[in-house]
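Each chain, letter by letter, is given below.
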Amino acid sequence: MAIDNPLPRLAVLIDADNASARIADGLFEEIARIGEASVRRIYGDFSSTRSKAWTDVLAKHAIIPHQQFAYTAGKNASDITLVIDAMDLLYTGRFQGFCLVSSDSDFTRLASRIREQGVDVFGFGEQKTPESFRQACRRFIYTENLLPGAAADSSDSGSDGSSATLQPPSAAVPLIRRVLAEMESGDGWFHLGAVGTQLVNRYPDFDPRSYGFRKLSDLVRKTGAYEVKQGPGSSIIMRPTAKSGAASGGKGPAKSTTKREQPARSGGQ
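About the thresholds
Residues numbered from 1 in each chain as written. Predicted model: local features only at pLDDT ≥ 70, side-chain atom pairs only at ≥ 80, totals over all residues. Heavy atoms only, no water. Core = buried A, V, L, I, M, F, W, Y, C linked by side-chain atoms within 4.5 Å. Buried < 20%, exposed > 50% of the residue type's maximum accessible area, 1.4 Å probe, protein only. Helix = DSSP H or I, 4+ residues; strand = E, 2+ residues; numbered from the N terminus. Contact = heavy atoms within 4.5 Å. Disulfide = S-S within 2.5 Å.

S.K.: For this particular structure, what's the right way to read the nonpolar core?
M.R.: Soluble globular proteins tend to bury their nonpolar side chains together. Counting residues in hydrophobic clusters, the biggest one holds 26 residues, and the most contacted among them are I14, L27, I31, W54 and F124. Among the elements of the structure, β1 (9-15), α1 (24-34), β2 (36-44), β4 (97-101) and β5 (120-125) are those that each provide at least two residues to this core. Broken down by element, this core gets its largest block of residues, five residues, from α1. I14 has contacts with A19, L27, F28, R41, I42, Y43, W54, I63, L82 and V101, leaving out every residue within four places of it along the chain. Counting residues in each nonpolar core, the second largest holds 23 residues, with V39, L82, F133 and F140 among its members.

S.K.: Looking at this structure, I do not really get the state of the cysteines. What am I missing?
M.R.: Between two cysteines, a covalent bond joining their sulfur atoms is known as a disulfide. Considering all chains together, one arrives at zero disulfides under this definition. There is no disulfide at C99, and the cysteine sulfur nearest it, in C137, is 9.7 Å away. A relative accessible area of 0% means that C99 is categorised as buried. Judged by its relative accessible area of 1%, C137 falls in the buried class.

Have a look at this one:
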């Protein structure tokens, strides 16, 4: 039976030298929310200590390994092989997206080139990943958020002992403020879903889990700078609180700043 709306077909390419095998389960759970991982390949020297751990999870996730021996110190044949395969897959025209799993900025140009072709790139790397690579992706997910137990419960601000370096909720306020300033609102309320979309569009690495929350709504509430409530249907809406409204509001109805003209007085003073 044909599927009317098939999931986007994705090519998952993993740089074993710059990604921990501990993220494997969380990685493919996250990718499953984006689309179908039709191609799953991993590149590295699996005789090395760092990459060898991946051999224990290859079968579980149906990952095809590409062994590259390090014949010369300082030269990474794995990166070159990954790039060649990525371009070969790109030109087949069969994929709607690529998942590049690495913290290496050397893949920045590859991500840019794929996007120039009109294909989405989803990056996965550690928080130390250079900004150039993060910004080259449509969306960038920190692998610290994919570790077991990394995301705190929605009522917890992140005291879960995970290795991720969590940011305070207040750090998200300037990002949300900039996004709201570019959105239109007739009554001062904004749909949370639309705000979330704009946040990711402007900041590819934005993720509520980086602040210790699974849901954007919980993060927004915790900042204390926004009011959040149930909107029409199943939607959730938000607006700046009265305290922060002047600085955080979007493009609402223009208020007249013209002083009311005083009637002319008759007679002398």
